[in-house]
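Examining the three-dimensional arrangement
What follows is each chain in one-letter form.
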Amino acid sequence: MSGTIGNRGTIGNQNGFDQNGFDPQNRDQERSTKSTGKDSIAPIKDYKIITLLNDTIAVDTALSIKKYYRFNYLRKDNFGLLPFANEGQTYNVLKYNIKKPSVFPEFGFSAKHTAYLEKEDVDYYSAPTPYTELYYRSVMKQGQNLDAFVTLNTSKELNFFIGYKGLRSLGKYMNQLSSSGNFRMGASYSSPNKRYLMRTHFAAQDILNQENGGIRDLDLFESSVSPYNKRERLDVYFKDAETLLKGKRFFLNHQYQLNKATKNGLLLTHEFVYEDKRFNFSQLNINVQNDTILRFGSAYQDKIDNKTRYYQLSNKFGAAFQSDLLGRFEFFTDLLKYDYRYNSLTVSSGGNGAEQSIIPNQITKDIALLGGKYLYRKDKWRANLLLSTSLGDDQTSNLEGSLRYDWNEEVSVNFGYQKLNKMADLNYQLYQSDYVYYNWYNDFKNEKYNSFDVSMETPWVTLSGNYSIIDDKLYFSNDRKLLNEFGLPIQLVTTPKQFSGTINYLSLQLQKEFKVGRFALDNTVLYQNAEQSENVLNVPQFLTRNTLYYTDAFFDKALHFQTGVTFSYFSKYYANGYNPLIGDFYVQDQMKIGGYPVFDFFINMKVRTAQIYITMEHFNSSMTGYNFYSAPSYPYRDFTFRFGLIWNFFS
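Just so you know, these numbers come straight off a predicted model, no measurement behind them.

To continue, consider the overall build of the protein chain. Scanning the protein chain for helices and strands turns up 4 helices and 37 strands. Relative to its length of 651 residues, the protein chain is compact, with a C-alpha radius of gyration of 25 Å against a globular reference of 26 Å. Counting only C-alpha atoms and orienting by the principal axes, one finds that the protein chain spans roughly 75 × 65 × 45 Å. Per-residue burial for the protein chain yields a buried fraction of 56% across its 651 residues. Looking at the protein chain alone, contacts between residues at least 24 apart form 66% of all its contacts between residues at least 6 apart. Put simply, the protein chain has 73 plus and 67 minus side-chain charges, and the middle of one group is 5 Å from the middle of the other.

One pass over the full model with this rule turns up 57 aromatic pairs. Geometrically, the ring pair formed by Phe107 and Tyr340 is edge-to-face, given 6.0 Å between the ring centres and 65° between the ring planes. Placement of Phe107 in the loop between strand S4 (91-93) and strand S5 (124-126) and of Tyr340 in strand S14 (residues 327-341) is noted, with a sequence separation of 233 residues between them. Comparing Phe107 with Tyr340 shows no difference in burial state: the two are buried. The ring centre of Tyr237 lies 3.9 Å from the NZ or CZ of Arg295, which sits over that ring.

This next bit is on the confidence of the model for the protein chain. Confidence in the prediction of the protein chain, expressed as mean pLDDT, is 90, and 92% of residues score 70 or more. Per-element confidence in the protein chain is highest for strand S36 (residues 634-635), whose mean pLDDT is 98, and lowest for helix H1 (residues 27-32), whose mean pLDDT is 36. Counted against residues more than four places away or in other chains, residues 1-38, with its pLDDT under 50, gives 128 contacts.

Here we take up the pairing of strand S18 (residues 381-390). Note: strand S17 (residues 362-378) against S18, 10 bridges, orientation antiparallel. Directly across from Lys378, in S18, lies its bridge partner Trp381. In this antiparallel pair of consecutive strands, S17 and S18, the connection spans 2 residues, and Asp379 shows a positive phi of 55°. Strand direction decides the pairing type here: S18 and strand S19 (residues 397-406), joined by 9 bridges, are antiparallel. Pairing of Leu385 across the sheet is with Gly401, part of S19.

Along the chain, Gln322 turns up in strand S13 (residues 304-323). Sequence separation between Gln322 and Ser188 is 134 residues; the distance between their C-alpha atoms is 21 Å. Side chain to side chain, Gln322 and Arg328 meet in a polar contact 3.1 Å long.

Turning our attention to the pairing of strand S27 (residues 502-516). Pairing between strand S24 (residues 462-471) and S27: 10 bridges, direction antiparallel. Bridged to Ser464 within S27 is Gln509. Judged from the 13 bridges that link them, S27 and strand S28 (residues 519-531) form a sheet pairing that is antiparallel. Each residue of the ladder has a partner; that of Asn504, found in S28, is Glu531. Where S27 hands over to S28, the hairpin turn is made up of 2 residues, of which Gly517 adopts a positive phi near 65°.

Cut-offs used in this document
- Residues numbered from 1 in each chain as written.
- Predicted model: local features only at pLDDT ≥ 70, side-chain atom pairs only at ≥ 80, totals over all residues.
- Heavy atoms only, no water.
- Helix = DSSP H or I, 4+ residues; strand = E, 2+ residues; numbered from the N terminus.
- Rg over C-alpha atoms; globule rule 2.2 N^0.38 Å.
- Buried < 20%, exposed > 50% of the residue type's maximum accessible area, 1.4 Å probe, protein only.
- Contact = heavy atoms within 4.5 Å.
- Lys, Arg positive; Asp, Glu negative; His and termini not counted.
- Charge placed at Lys NZ, Arg CZ, Asp CG, Glu CD.
- Phe/Tyr/Trp six-rings, centres within 6.5 Å; stacked < 30°, edge-to-face > 60°.
- Lys NZ or Arg CZ within 6 Å of the ring centre and 35° of its normal.
- pLDDT = per-residue confidence, 0-100.
- Pairing = 2+ DSSP bridges.
- Polar contact = N/O pair within 3.5 Å; in protein donor to acceptor, adjacent residues only side chain to side chain.

This is how it looks when you write it as structure tokens:
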């Protein structure tokens, strides 16, 4: 299997694990399976979740503060992400390096992909009995968020799974409906002699959002006097605009060992990916607001219907030698073909005296990468190295490495490095729209990243840091400078640009939990800074989340109970604005957001395998002032009562 350095600090491999994908040298999984329970017919540790990068953990039914952090629409800890007002909308990014850049040019429209399941987000399983998880959470208004999942092994070697996550939430503001569905099904197989291993899945996803463009009058929101404390009374920019991201993907990863030796193996590997996506922006009537100046500028017609199509076909072939003594060596070639297109050519009028130009309707390309990987896992050491480079004139290349040392079961140190030279995402290169100024065709330089990571885990504190040097950074910004009475642009004509300078980014994060009896204080603090000659990479310098909570058990420990308060805060900064027309964020320097506290009160309970969550989100919103935003013109969430549960079944 070919892989890259992942969020959990390893390079994916299929060496050294049993028929169910369990890696006996993985310290994280060992720690997670030490506890046993009586929640299922088989021991809890036998129900395994296996990522594409081969990190393996046991199903966890315990009640913990970490699971509370993951009880949200994304189903993961969203520290460093700032949600918009309605469930299912996009998230502004507070922590820059929360996602590693891809080697290949991506589809783009990144703001719409926050809840999109990529191939790395789909897990695989091993379950001695059928295992089911049901997730429910209430939303802001008129709807619900459900996630149902089931997996079973028909034999020790073969596992199947199927799941669907659905959301509908009307929201509290006009034209803010969110409706999404994420379907996935798949299987994993290991032959009885362990020489053939396979993982595959199919995913179909759609993410629909009504887009109101933000509120028009910030004073009415910040005063929140009646009737404007009813958020549907606030006027917004668009009452009939919406976006839709749809995608389908088939994924297959498998390998076959040529010889029968158990300690030294010769393997053939193959990974196949087919994926097609589309992004639509539609608006029934651009003149419905009767504005003298249209928000996105002039248009070719009154009805807007922008459609972007994309598909990719990837085949990765490799040959590997794995040894218990020397580790695993692999050489591979990765062949990618993609097609990014619109329905027809466009003649751009240019505007502002610029000459007319022909905007093509398609970008098609074949990219071939050659690469090699090395993986070593023995005793307390884990080392990974990946090198790949393109064969054509694209100059795409990637060098990744990591080294981890486990001093003991509770103390470890990890170092990582990445040097990446990547092509521009496709929506930076080509975009077509019924809006006149949103038509472009660009030939940008490759973006270049040099990134250093270090982390240390101890029983006393967890520390992590990142230092990145970024050259030729691509970004969107607004070309219109006319401002309204709130100091914000009247028009959004957002186009892609490339920063010719260098950005030096530094982040330091500390996590520490203090416990006294049944009380605990969990703290996560982040400092980050970006040195640059222009404000291209904007991040808050300080970000913190602190949770004071109490834990107890009642009725002969049949009921486990947690209650507490979470405090979240980030310092003021020029947050990126959101443009729904391009499904992306843009750099701006007119309005700072942040500097407001958010307090959430919660009660978490567990009865057998059912976990119940009750939350009063942002209960201080009316006490500390209505100056909270997720992006310019987009308010953060008001006080909201939320109820939800996770229920696990093991038969």
